[in-house]
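Observations on the model geometry
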Amino acid sequence: MTTLKTFKRGGVHPAENKISANQPIVVLDPPKQAFIPLNQNLGAPAIPLIKKGDEVKVGQLIAKGEAFISSNVHSSVSGKVLKIDAVIDTSGYKKMAVVINVEGDEWEPSIDRSETIKRDFSFTQKEIIDKIKEMGIVGLGGATFPSHVKLMIPDGKKPEVLLINGVECEPYLTSDHQLMMSNGEEALIGTSILMKGLGVKKAYIGIENNKPDAISYLKELAEGFKGIKVVPLKVKYPQGGEKQLIKAVTGREVPSGKLPIEVGAVVNNVGTAFAVYQAIQKNKPLVERVVTVTGKSVAKPSNFLARIGTPISILIDNAGGVPEDTGKIISGGPMMGKALLSLETPVVKGTSGILIMNKQETHRVEMLPCIRCGRCVSVCPMGLEPILLSQLSRLQMWEDVEKQKVMDCIECGSCQYTCPSGRPLLDYIRVGKNKVGQIIRNRGKK
Amino acid sequence: MLTVSGSPHVHGDDSVKKIMYGVVYAMVPAILVSIYFFGLDALWVLLTASVSCIFFEWLVQKFIIKGPVTINDGSALVAGILLAFNVPANIPIWIIIVGSFVTIVVAKMSFGGLGKNPFNPALVGRIFLLISFPVQMTTWPLPKPLYGGTAVMDAVTGPTPLGILKEGVKMGKTVPELMPEMPGYVNELMGFQGGCIGEISAIALILGAFYMLVRRIITWHTPTAYLLTFFAFTGILHLIDPTQYADPFFHLVTGGLMLGVFFMATDMVSTPITYRGMLVFGVGAGLLTAIIRIWGAYPEGVAFAILIMNAFTPLINRAFKPKRFGEKVVQA
Ligand code: SF4
Ligand code: SF4
């Protein structure tokens, strides 16, 4: 066997715990009431187009992304708008959301809901970008960056290669894995469309080798597509980080503070590629997504296809209910996910999974003084010194925090995961990063 | 109630305790060898040092700092065993208690305890004892022969190979003339030579080091840089003048080199945190050890060399940053 590719610097190997790996996707019914947040993307919230009492159909545009970095929002259910109100979202803050009382399941007639796979590659670059924007597609890996913006290449830069992220390096999560198994062909068509949207001839799909079935299935399918190659990768966290994936697959290092396009690369999640397929070929906006519901004490770990706006309590009920010994509920994976305050938090475009951790797992290790073992430094995939950054942040020495490249931190959590003294490194680094981010933005204003 | 806290939500499950007790396990071969060669004397010194180090730490935490008592984290035990490793087996028990006091109270707790001490506590203890009690610290019992025989009486003492070398060269003898007085490579490798409790057997120490490497308690960086530098330096001198300078293999298996390389220079607290820094530390310690051994006043230089490099550690940390991802120009 040839040695598998991976990124070089740092990284950790958390227990994979992919207990829902072999669960085929189960389609969930629409909820009785849907809560559709206006801001489901990185960037500015969308502006609502409907008001209380309006009737809406599935797929109807209900809020428009007006700002440059913003994204359209469509109704994921049919029924009547009850109100536009503040709802707790995954960030733990209250954000504006459209609340819809569901009646029936009536879709916009323009949406093609048939199962037949379409391969129409006649669209122009501009048509592709416009359609992706119209259909409200965002990065589905969790970052939720509006996808059409990613396709608009700044002047002077030239994309050479598209990378499709099928890594799913977070422990527990299996939504991308199942999606590749059940909708692999559509994802590849979506990939071809994205290639055309970017004007590149090459695409690589990176998949970690803990998913051999997905690797061989997509490899087989890829033979029917020009320029698409599947690249098996050695399992290592955080390989799904954009910069790490680019390094692993192409060997190129995105310079500090720059975007992937600097080295001619654009990265999209495999789920995004599928959503792009649906947008372009089926005229279908982003109104549902695959969500893993899992955890050691969960009765039926599952992968669901859920409507955006479905309260996560409904997903958990379908996976066998909240276990007795629940300590923490997390949106996303255990390394980068967000702990949720409320079970009524709705599924949004960026919800890749719901992880229910039992009390035993949530127990944090005893905190002792730093023993200067240097492990946090050696596992940092960005070559930073987490111990130094956290100390400087604690001392509020923002200038030094910035000089030590805090903005390069991708918040992967590898440092804190490794620290034998149980130091809350990332907690402090986040504070430093936010503060320095603010300082940099203010500097820009002056 | 749901717990809400920042990511990551899982931990790799490594702990200070696991690391410290891992070091203790790694020292077991050397402990056994020392008891084999020096008998119960060695055992008493080991026990006294361990118990008094833990006791002093408890005393300071309980009555002076009045904070949490963390003596079960294993770090005081490691310091105690290492201190015992650094003294002769026939040292009076009260002296080892004084040494433990210096190790824990002066070199560790006065700086703030675990993780805060700039110098390796056990080495500070050793140097303190060496300067305060030079006679007791340099009178070595003869180990019992490798095969057969029993541990010899306390009263019978003998020099260490490095001592023979230093004195001999000083008196104008050549190295080849001195070599017949030495125990020989095989004996030195196994531990049949005069010396401190934990330093005599290179084999036992390497075995422990191997265990720590496999368990990733230590990395290869510091030991490799240390050994290569030391070997190269002593080797070149030997090539230049074999009558004045002993060969590098002799230097590797005698004195406290292996103990220093694998158990002291790899101490996390007092050495650099980056791989680059560790390499620099190793090179520095290797050079200094060789220089002190060959031209210094003492026959052995490991302890001084590591302590001097400990002092440079903050500087090394500042000067040798890890290679940042996406970094083009190397910044100093
Ligand atoms: S400092 Fe940031 S990038 Fe580095 S390991 Fe910690 S969280 Fe990850
Ligand atoms: S991993 Fe923890 S104990 Fe080790 S240097 Fe980093 S912060 Fe300190």
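Nothing here was measured: the structure is a model prediction, and the numbers come from that model.

Here we take up the nonpolar core. Counting residues in each nonpolar core, the largest one holds 71 residues, and the members touching the most others are Met27, Leu82, Phe85 and Phe263 of chain B. The leading source of residues in this core is helix H1 (residues 16–38) of chain B, at twelve residues. Split by domain, the residues of this core number at least three in each of domain 1 (16–137) and domain 2 (159–319) of chain B. Setting aside residues no more than four positions away along its own chain, Met27 of chain B makes contact with Val78, Ile81, Leu82, Phe85 and Phe263 of chain B. Among the nonpolar cores identified, the runner-up in size contains 44 residues, and Ile132, Ile228, Tyr277 and Val290 of chain A belong to it.

Turning our attention to empty space enclosed by the protein. Summed over the entire model, instances satisfying the criterion amount to seven cavities of 30 Å³ or more. When its volume is computed, the largest cavity comes out at roughly 320 Å³. In terms of lining residues, the largest cavity is bounded by 23 residues, among which Met20, Val78, Leu82, Asp267 and Met268 of chain B are the most central. Each of domain 1 (16–137) and domain 2 (159–319) of chain B gives at least three residues to the lining of the largest cavity. When its volume is computed, the second largest cavity comes out at roughly 100 Å³. If you trace the second largest cavity, you find 16 residues lining it, with Cys380, Leu384, Cys409, Cys412 and Cys415 of chain A closest to the centre. Contributing elements (two or more residues each) for the lining of the second largest cavity: helix H10 (386–394), helix H12 (414–418) and helix H13 (425–445) of chain A. A per-class count over the lining of the second largest cavity returns 13 nonpolar, two polar and one charged.

Residues and elements named next belong to chain A. With respect to the helices and strands, the residue Leu82 is situated in strand S7 (residues 79–88). The class of Leu82 is partly exposed, set by a relative accessible area of 32%. Remark: the alpha-carbon pair of Leu82 and Gly53, spanning 29 residues in sequence, is separated by 6.1 Å. Residue contacts for Leu82: discarding those within four places in its chain leaves Gln33, Lys52, Val99, Ile100 and Asn101.

Quoted interface sizes are often the accessible area lost when the parts come together. Residue and element names in this part refer to chain A. On domain assignment, one finds that chain A holds domain 1 (1–27 + 124–363) and domain 2 (375–445). The gap between the C-alpha centroids of domain 1 and domain 2 is 26 Å. Each side of the interface is counted separately: domain 1 has 16 residues, and domain 2 has 15 residues. Overall, the association of domain 1 and domain 2 removes approximately 1000 Å² of surface from exposure, summing both partners, and the carbon and sulfur fraction of that is 59%. Three residues stand out in domain 1 for area buried against domain 2, namely Arg9, Val12 and Met335, and they jointly supply 34% of the buried area on that side. Our count for the domain 1 to domain 2 interface comes out at zero salt bridges. Joining domain 1 to domain 2, the criterion identifies four residue pairs in polar contact (both at pLDDT 80 or more). Residues of the side of domain 1 that touches domain 2, tallied by class, amount to eight nonpolar, six polar and two charged.

Thresholds, definitions, all that
Residues numbered from 1 in each chain as written. Chains lettered and ligands numbered in written order. Predicted model: local features only at pLDDT ≥ 70, side-chain atom pairs only at ≥ 80, totals over all residues. Heavy atoms only, no water. Core = buried A, V, L, I, M, F, W, Y, C linked by side-chain atoms within 4.5 Å. Buried < 20%, exposed > 50% of the residue type's maximum accessible area, 1.4 Å probe, protein only. Helix = DSSP H or I, 4+ residues; strand = E, 2+ residues; numbered from the N terminus. Domains from an automatic or database assignment. Contact = heavy atoms within 4.5 Å. 1 Å grid on protein atoms, 1.4 Å probe; cavity = no way out; pocket = protein on both sides within 12 Å on 5 of 7 lines; lining within 4 Å. Points joined across faces, edges and corners; volume = space filled by probe spheres on them. Nonpolar A, V, L, I, M, F, W, Y, C, P; charged D, E, K, R; others polar. Buried area = accessible area lost by both parts, 1.4 Å probe. Salt bridge = Lys/Arg side-chain N within 4 Å of Asp/Glu carboxyl O. Polar contact = N/O pair within 3.5 Å; in protein donor to acceptor, adjacent residues only side chain to side chain.

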